[in-house]
Amino acid sequence: MFGYVTIHEPELKVKDFRKYKAYYCGLCRTLKEEYGFAGQMTLTYDMTFAIILLSSLYESETVQEQHSCKVHPVRKQPMLRNEITSYAAAMNVLLAYYHMEDDWKDERKVASFFTKNMVRGKVRSIIEAYPRQSKAIRCSLKELSKCEREQSTDIDRTAGCFGRLMAELFVYRKDVWEKELRQMGFFMGKFIYIMDAYEDLPEDLKKGRYNPLREVCLQADYEKRIKEILCMMIAESAASFERLPCLVDVDILRNILYDGVWSRYNKIQMKKSEDQRNGQKPI
């Protein structure tokens, strides 16, 4: 359910793209150092956005480093890290752990079982350090599992579960910015959930798997409704962002919020157009 909150590279300045990659590589390095190879496997672009957002908001002192890695063994890569990088790494691992735990319980995925056991010891310390976020993830995923068992098609209810989860992750500190960060995370979480359901729908229908959009997709104006809902969710998230006093890296953040989040949607539309040209019936 991740990979939607990323940059739109063609519209980003070269210096901003390099900086974004440096934050991403910094997160990757931190995951490896603090949680090992298993932790590094949970790396997502989505948490890079959270790092840049919170670093900008709290004006965190960021250190630039140079390191080589397995992906770039010869040439050292620039990396940007600060205290928020460690927070994002912890949330990344925690979210992946509970997700894998659900996968094992619901579908008996062997890969999820072994990976979650590899990080179990580290997760205990994260839960102790961040009980609020840990509880939010557990409760949200539990409610999502309940929705799945009930075959719920209430999009607001199902997407709201993931929205509440993201709202807690965005709240780095309970301070004057809590309300806007919570609002921003909530609507971004709903956007991610609905976007994921929209992308998975053809495969889910084919394999008879649960998808909250399975009834909405039967309506004549399905595509229009989904686009309107997605626009509404990201517009609410962006409105909260614009009320935050972020100045540093604001071009990167706006690139993600106004362009990057639509990258996968645009690819889906391109594929649907191609399928139609080839005579395939759209969902």
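Quantities reported herein were computed from a predicted structural model and do not represent experimental measurements.

A word on the packing of aromatic side chains. Tallied over the full model, the rule gives 12 aromatic pairs. Ring geometry for W262 and Y265: centres 5.4 Å apart, planes at 85 degrees, overall edge-to-face. Residue W262 is classed as buried on the basis of its relative accessible area, which comes to 12%. A cation over a ring is seen here: R173 above Y58, with NZ or CZ 4.5 Å from the ring centre. Looking at K227, its charged tip hangs above the ring of W262, at a distance of 5.7 Å from the centre.

Counted residue by residue, strand β2 (residues 77-81) has four buried out of five residues, so it is predominantly covered. Examined bridge by bridge, strand β1 (residues 63-67) and β2 share five bridges and lie antiparallel to one another. Its bridge partner being in β2, E65 is matched across the sheet by M79.

On the secondary structure map, V123 appears in helix α4 (residues 110-129). What makes V123 buried here is its relative accessible area of 2%. The contact partners of V123, leaving out residues within four places of it in the chain, are V93, L94 and Y97.

Overall, the prediction assigns the protein chain a mean pLDDT of 91, with 91% of residues at 70 or greater. The model gives residues 110-115 a pLDDT under 50, and that stretch makes six contacts with residues more than four places away or in other chains.

Taken as a whole and assessed by the stated rule, the structure comprises 19 salt bridges. With a shortest N-O distance of 2.6 Å, E168 and R132 are connected by a salt bridge. Placement of the pair is E168 in helix α6 (residues 155-170) and R132 in helix α5 (residues 131-149), with a sequence separation of 36 residues. For R132, a relative accessible area of 25% puts it in the partly exposed group.

Structurally, the position occupied by S263 is in helix α10 (residues 263-277). On the basis of relative accessibility, which here comes to 19%, the residue S263 falls in the buried class.

This brings us to the packing of α6 against helix α7 (residues 178-207). α7 packs onto α6 with a crossing angle of 135 degrees between their chain directions and a minimal axis gap of 6 Å. Of the possible angle classes, the one that applies to α6 and α7 is oblique. Both α6 and α7 take part in a crossing whose hand is right-handed. Every residue of α7 that contacts α6 at I155, D156, T158, A159, G160, F162, G163, R164, M166, A167, E168 and F170 is listed here: L181, R182, M184, G185, F186, M188, G189, K190, I192, Y193 and I194. Partitioned by chemical class, the residues of the contact of α6 with α7 number 13 nonpolar, five polar and five charged.

Since there are 3.6 residues in each turn of an α-helix, residues three or four apart along the chain are aligned in direction. Across its 30 residues, α7 extends 41 Å between first and last C-alpha, which sits within 8% of the 44 Å expected from 1.5 Å per residue. Of all the bends in α7, the largest measures some 55 degrees and sits at L201, one to four residues before the proline P202. Following α7 by one or two positions, G208 has its phi on the positive side, about 70 degrees.

Further remarks concern the nonpolar core. Among the nonpolar cores identified, the biggest contains 80 residues, and F49 and L53 are the most heavily contacted of them. If we ignore the near neighbours within four places in the chain, the residues touching L53 are F170, L181, M184, F241, L244, C246 and L253.

At their nearest, the axes of helix α2 (residues 45-58) and α7 sit 13 Å apart, and the two run at 165 degrees to each other. Comparing their axes, α7 and α2 come out roughly antiparallel. The element α2 and its partner α7 pack so that their crossing is right-handed. In this structure, α2 contributes D46, F49, L53, L54, L57 and Y58 to the contact, and α7 contributes L181, M184, M188 and I192.

Each value, and the rule that gives it
Residues numbered from 1 in each chain as written. Predicted model: local features only at pLDDT ≥ 70, side-chain atom pairs only at ≥ 80, totals over all residues. Heavy atoms only, no water. Phe/Tyr/Trp six-rings, centres within 6.5 Å; stacked < 30°, edge-to-face > 60°. Buried < 20%, exposed > 50% of the residue type's maximum accessible area, 1.4 Å probe, protein only. Lys NZ or Arg CZ within 6 Å of the ring centre and 35° of its normal. Helix = DSSP H or I, 4+ residues; strand = E, 2+ residues; numbered from the N terminus. Pairing = 2+ DSSP bridges. Contact = heavy atoms within 4.5 Å. pLDDT = per-residue confidence, 0-100. Salt bridge = Lys/Arg side-chain N within 4 Å of Asp/Glu carboxyl O. Axes fitted to C-alpha atoms, helices over the stretch in contact; angles between N-to-C directions. Parallel < 35°, antiparallel > 145°, perpendicular 65-115°, else oblique. Left-handed = near helix turned anticlockwise from the far one by under 90°. Nonpolar A, V, L, I, M, F, W, Y, C, P; charged D, E, K, R; others polar. Expected span 1.5 Å × (residues − 1). Bend = angle between axes of the 7 residues up to and from the residue. Core = buried A, V, L, I, M, F, W, Y, C linked by side-chain atoms within 4.5 Å.

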